[in-house]
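An overview of the molecular structure
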Amino acid sequence: MQRVVNSPALFLEANAYAQAALLSPDRFVENGHGRRFMRHCAADSDFAKNVFTAFGINSFEDEPRFGNFLGNHFLDNAFVHKHKDTAPDGYQHVRCNFALQMPDNGGNPILDGKEIQIKQGDIWICFASLEDHSTTPMSGGQRLVFSCGAIVKSDIAEKVYKAIVRIPNN
């Protein structure tokens, strides 16, 4: 399994959802220096199923706190701080992220201390409640990410996580 995939069809669909959300820019909430996000962007349930299936996750529930969101870094030196998200007992918070636009420099995710090189069109998975995650500071242009969120049973999420980061099973 791979951490980053490229699917032009899924990318086009995510971009269409993002463009629809951008028609209501007043829904953005400021979220730190040069950062903003928009919660609960509409997306078809078949879309989410196809996205998570691309990473080997076939069973999940919608993530209730943020849902699918649109994240935007628009000022130089904007970045996401290092953190882990919460999840209900017995579940893990998992996000599949679409790089709709990438800045000239930076803006790459850092997952458990490893920088992942991302380019426009890439989709990457983040096990948001299992691994520390952040981004590198960006400059030149903007970073626009459509993030598809799910709550996944812990045994399923942990199995896929181990396969992707290549942790041997005990």
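Refer to the structure printed above.
Let us look at the structure shown here. (Residues numbered from 1 in each chain as written. Predicted model: local features only at pLDDT ≥ 70, side-chain atom pairs only at ≥ 80, totals over all residues. Heavy atoms only, no water.)

On to the overall build of the protein, then. Across its full length, the protein holds three helices and 11 strands. Going residue by residue from the N terminus, the α and β elements of the protein occur as β-α-β-β-α-β-β-β-β-β-β-β-β-α. What you see for the protein is a C-alpha radius of gyration of 15 Å, in line with the 15 Å of a compact globule of 170 residues. Here the C-alpha coordinates of the protein stretch approximately 45 × 30 × 30 Å along the principal axes. Buried positions account for 47% of the 170 residues belonging to the protein. (Helix = DSSP H or I, 4+ residues; strand = E, 2+ residues; numbered from the N terminus. Rg over C-alpha atoms; globule rule 2.2 N^0.38 Å. Buried < 20%, exposed > 50% of the residue type's maximum accessible area, 1.4 Å probe, protein only.)

Next up on the list: the sheet that holds strand β7 (residues 109-111). Two modes of strand pairing occur in sheets, parallel and antiparallel, and in both the strands are linked by backbone hydrogen bonds. In spatial order, the strands read β8-β7-β10; together these three strands make up an open sheet with antiparallel pairing. At either end of the open sheet lies a strand with only one pairing partner, and these are β8 (114-115) and β10 (133-135). (Pairing = 2+ DSSP bridges.)

So, about the pairing of strand β9 (residues 122-126). Most of β9 is tucked away, with five of its five residues classed as buried. The two faces of β9 match: D122, W124 and C126 on one face and I123 and I125 on the other face are all buried. Examined bridge by bridge, strand β1 (residues 4-6) and β9 share three bridges and lie antiparallel to one another. Its bridge partner being in β9, N6 is matched across the sheet by D122.

Turning our eyes to something else, we now look at the layout of surface pockets. Considered as a void within the structure, the largest pocket measures approximately 560 Å³ in volume. Lining the largest pocket are 28 residues, and of these R35, F69, V80, H83 and H133 lie nearest its centre. Elements represented by at least two residues in the lining of the largest pocket include exactly β3 (35-38), β5 (69-73), β6 (91-101), β7, β9, β10 and β11 (143-153). No other element matches the four residues that β5 contributes to the lining of the largest pocket. Among the residues making up the lining of the largest pocket, the classes are represented as 10 nonpolar, 12 polar and six charged. If you add up the space inside the second largest pocket, you get close to 150 Å³. In this structure, the second largest pocket is lined by R3, L111, D112, K114, I116, E131, Y161, I164, V165 and R166. Top element by residues in the lining of the second largest pocket is helix α3 (residues 154-165). It accounts for three residues. For the lining of the second largest pocket, the per-class residue count stands at five nonpolar, no polar and five charged. (1 Å grid on protein atoms, 1.4 Å probe; cavity = no way out; pocket = protein on both sides within 12 Å on 5 of 7 lines; lining within 4 Å. Points joined across faces, edges and corners; volume = space filled by probe spheres on them. Nonpolar A, V, L, I, M, F, W, Y, C, P; charged D, E, K, R; others polar.)

Once that is clear, we can look at the pattern of salt bridges. Under the defined criterion, the tally for this structure stands at three salt bridges. R3 is the salt-bridge partner of E131, the closest N and O atoms lying 2.8 Å from each other. One end of the pair, E131, is in the loop between β9 and β10; the other, R3, is in the segment before β1, and 128 residues separate them in sequence. The pair E131 / R3 is uniform in exposure class, with both members buried. For E63, the salt bridge goes to R95, with nearest N and O atoms at 3.5 Å. Here the residue E63 occupies a position in the loop between β4 (61-62) and β5, and R95 occupies one in strand β6, the gap between them amounting to 32 residues. Pair check on accessibility: E63 and R95 agree, each one buried. (Salt bridge = Lys/Arg side-chain N within 4 Å of Asp/Glu carboxyl O.)

With 12 residues, α3 should reach 16 Å at 1.5 Å per residue; the first-to-last C-alpha distance of 16 Å fits that figure. Among the residues of α3, those classed as buried are S154, A157, V160, Y161 and I164. Take α3 and look down its axis: the buried residues cluster within an arc of 140°, on one side only. Facing away from the buried side of α3, by more than 90 degrees, are the exposed residues D155 and K159. The secondary structure elements touched by the buried residues of α3 are β6, β9 and β11. Just beyond α3, the residue with positive phi is R166, at close to 60°. (Expected span 1.5 Å × (residues − 1). Arc of directions from axis to C-beta. Contact = heavy atoms within 4.5 Å.)

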